[in-house]
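Given next are the chains, with one letter for each unit.
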Amino acid sequence: MDRTYLIKPELDEDYPVIDYGKGVYLFDISGKRYLDASSGAVTANIGHGVEEINEAMMDQAKKVSFVYRSQFTSVAAEKLAEKIALSTPGDLNWSFFVNSGSEATETAMKIAIQHWQEKGRPLKTKILSRWVSYHGITIGALSMSGHPGRRSRFVPLLADFPVVSPPYCYRCPFNKEPKSCGYECAKELDVAFRRIGPESIAGFIAEPIVGAAGGAITPPKDYYRIIKEICEKHDILFIADEVMTGFGRTGTMLACEHWGIVPDLVSLGKGMGAGYAPIAATLVTERVMEPIKKGSKVIMSGHTLSANPQSSAVALAVLEYLEKNNVIEDVEAKGTYLKNSLKKLKTLFPFIGDIRGKGLLIGIEFVGNPKTKQSFPRELNVTERVVKMAKDVGLLLYPATAGEDGKSGDAIIISPPLTITKREIEELVRLFTSALTKVQEELET
Ligand code: PLP
């Protein structure tokens with residue numbers, strides 16, 4: 001090809017052309033093999049080229065790929081919604097299907113607002129959120145995203161929804177130690193609600209484990225219990241953005257299950273279609289649906305391709321695959337093995353500051369000085385170097401930021417397909433070691 005007509009993320013970048021994928025590996029047209037340690041963007045949760053999913057896709061395509069949701073429902077969409085209701089905790093019984101994570105969080109925002117409108121409380125329209133967060137790229141989802149780097153160009157169009165600190169224990173926003181912190185980061189929400197006025201707030205949204213904006217920042221034990229109590233006290237809905245963490249990534253269907261809470265609304269995406277089809281969902285509890293069922297009976301949202309049978313059949317096949325192969329049950333053990341192997345690298349590479357996360361969502365933060373935790377200067381582009389070097393040696397990693405400003409602070413996410421084997425984990429660690437060795441050499445010169 002002499003020129004490209006495709007707008008890609010980096011216009012000057014020469015992207016390898018991918019040929020095919022099998023399991024945890026991707027192969028480009030030159031024959032180079034990549035171990036996909038990021039599942040793309042934490043998406044290819046069951047690996048590449050899974051026959052059952054391709055067959056389910058073909059079977060559905062032979063029947064019908066698309067029906068318009070205002071005219072018909074389909075067996076695939078109905079079965080998928082039922083299976084999700086049965087696989088998730090509490091009474092998250094209702095699914096609204098969309099096509100991307102951004103649409104799922106934006107739909108959650110709209111349903112939360114509608115819930116209060118139908119209850120006769122139309123002033124409850126704000127959806128508060130945390131700094132160091134990412135909820136999507138559409139204007140509504142970006143309004144909730146506490147990611148200055150991604151917000152900056154659009155600031156005049158965005159609502160100021162991020163108001164509280166993340167539970168970022170490695171760099172506690174309150175300069176406390178986890179053992180004696182008193183959960184100030186959670187309690188800050190109570191202060192924010194009272195300052196802004198609960199009568200104007202419909203919901204609070206948070207990623208159970210912060211992904212792209214923080215590199216798998218994982219909260220301490222009681223954080224979500226306290227958050228949920230504060231939300232309930234003020235009559236404010238709690239929305240869990242599980243676009244990255246949902247569908248088994250952390251060893252449970254939803255990450256919220258680790259902390260024993262049931263959110264009022266949940267957004268899902270990424271691993272739901274596992275990269276085989278674009279599909280995402282907003283899950284809604286009975287309590288949130290109740291006034292809508294009694295009132296207008298219409299959710300004021302939706303897209304042309306919402307609940308299309310083709311994507312629904314794929315997500316259903318993914319869920320069945322997870323169940324049949326006990327994939328989620330094995331995630332914790334695999335994650336522990338991988339995390340422990342990565343921890344051993346700390347002595348070899350002092351610029352590894354923190355290793356965190358749950359299951360197979362593991363974050364690594366890099367620091368210029370491990371004692372003071374001082375970040376590298378931005379100009380050194382440490383995250384980009386690590387990701388590039390890893391790609392050179394045939395390993396795919398997901399870049400994340402770890403700084404409050406969404407620009408500085410170096411972190412990556414390691415999130416291989418949940419189906420990765422022990423031997424492949426060992427290969428992942430070997431390739432990562434070789435990439436870090438080269439980065440260390442570069443940083444020393
Ligand atoms: N929410 C979270 C937690 C995400 O990680 C992402 C994507 O990275 C999104 C929402 C947006 O999803 P999408 O890129 O599918 O629109």
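Residues numbered from 1 in each chain as written. Predicted model: local features only at pLDDT ≥ 70, side-chain atom pairs only at ≥ 80, totals over all residues.

Engineer: Describe the site of the ligand, naming the residues involved and giving the relevant values.
Structural biologist: Not every one of the 16 residues close to the ligand is listed here, only the nearest: S100, G101, S102, G136 and V243. Here the element with the most residues in the shell around the ligand is helix α4 (residues 101–118); it accounts for three residues. Residue composition of the shell around the ligand, grouped by class: six nonpolar, eight polar and two charged. (Near = placed C-beta within 6 Å. Helix = DSSP H or I, 4+ residues; strand = E, 2+ residues; numbered from the N terminus. Nonpolar A, V, L, I, M, F, W, Y, C, P; charged D, E, K, R; others polar.)

Engineer: Break down the pairing of strand β3 (residues 33–36) for me, with residues and values.
Structural biologist: In the sheet, strand β2 (residues 25–28) pairs with β3 via three bridges, with the strands oriented antiparallel. Looking across to β3, one finds that L26 is bridged to Y34. A loop of four residues connects β2 with β3, the two strands running antiparallel in sequence, and G31 in this loop sits at a positive phi of about 95°. Pairing between β3 and strand β13 (residues 395–396): two bridges, direction parallel. What sits directly across from L35, in β13, is L395. (Pairing = 2+ DSSP bridges.)

Engineer: An account of the packing of helix α12 (residues 382–393) against helix α13 (residues 422–444) is needed here, citing residue identities and associated values.
Structural biologist: Close contact between α12 and α13 brings their axes to 9 Å; oriented N to C, the two are set at 130°. Judged by the inter-axis angle, α12 sits oblique to α13. The way α12 lies across α13 gives a crossing that is right-handed. Across the interface between the two elements, R385, V386, M389, A390 and V393 from α12 touch L431, F432, S434, A435, L436, K438, V439 and E442 from α13. (Axes fitted to C-alpha atoms, helices over the stretch in contact; angles between N-to-C directions. Parallel < 35°, antiparallel > 145°, perpendicular 65-115°, else oblique. Left-handed = near helix turned anticlockwise from the far one by under 90°. Contact = placed C-beta atoms within 7 Å.)

Engineer: So what's going on with the packing of α4 against helix α9 (residues 286–294)? Which residues, and what values?
Structural biologist: Running from N to C, α4 and α9 point in directions that differ by 55°, and their axes come no closer than 8 Å. On the basis of their axis angle, the class for α4 and α9 is oblique. For the pair α4 and α9, the sense of crossing is left-handed. Of α9, the residues touching α4 (which contributes I111, Q114, H115 and E118) are V288, P291 and I292.

Engineer: Can you tell me about the sheet that holds strand β4 (residues 94–98), naming the residues and giving the values?
Structural biologist: The seven strands lie next to each other as β4-β10-β9-β8-β7-β5-β6, forming an open sheet whose pairing is mixed. Strand pairing shows two members of the sheet lacking a second neighbour, β4 and β6 (162–164), which therefore form its edges. Across the sheet, the axes of successive neighbouring strands diverge by a mean angle of 25°, strand direction being ignored. As paired strands, strand β5 (residues 126–130) and strand β7 (residues 201–206) are joined by three bridges and run parallel to one another. Across the sheet, the residue bridging to K126 is I201, located in β7.

Engineer: Can you break down the domain arrangement of the protein residue by residue, with the values?
Structural biologist: Taken domain by domain, the protein consists of domain 1 (18–50 + 326–444) and domain 2 (53–324). Summarising the inter-unit geometry, the C-alpha centres of domain 1 and domain 2 are found 26 Å apart. At the junction of the two partners, domain 1 supplies 37 residues and domain 2 supplies 37 residues. Counting only elements with at least two residues in the side of domain 1 that touches domain 2, the list comes to α1 (39–42), α11 (327–343), β11 (352–358), β12 (361–366), β14 (398–401) and β15 (410–414). Residue composition of the side of domain 1 that touches domain 2, by class: 18 nonpolar, 10 polar and nine charged. (Domains from an automatic or database assignment.)

Engineer: Tell me about the pairing of β7, residues and numbers included.
Structural biologist: Taking burial as the measure, the six residues of β7 include six buried ones, the bulk of the element. Bridge count for β7 against strand β8 (residues 237–241) is four bridges, and the pairing is parallel. What sits directly across from A206, in β8, is A240. At this point the chain moves from β7, through helix α8 (residues 223–233), to the parallel β8, and the crossover so formed is right-handed. (Buried ≥ 20, exposed ≤ 12 C-beta atoms within 10 Å, placed from the backbone. Right-handed = clockwise from strand over helix to strand, strands pointing away.)

Engineer: Residues and numbers for helix α10 (residues 309–324), please.
Structural biologist: Taking 1.5 Å per residue as the helical rise, α10 with its 16 residues ought to reach 22 Å, and the 22 Å between its terminal C-alpha atoms agrees with that figure. Within α10, 12 of the 16 residues are buried, which leaves it mostly tucked inside the rest of the structure. Where α10 is concerned, the buried positions are P309, Q310, S311, S312, A313, V314, A315, L316, A317, V318, L319 and L322. Tucked inside the fold, the buried residues of α10 contact α2 (51–63), α3 (75–87), β4 and α11. Directly beyond the C-terminal end of α10, a positive phi value near 45° is found at N326. (Expected span 1.5 Å × (residues − 1).)

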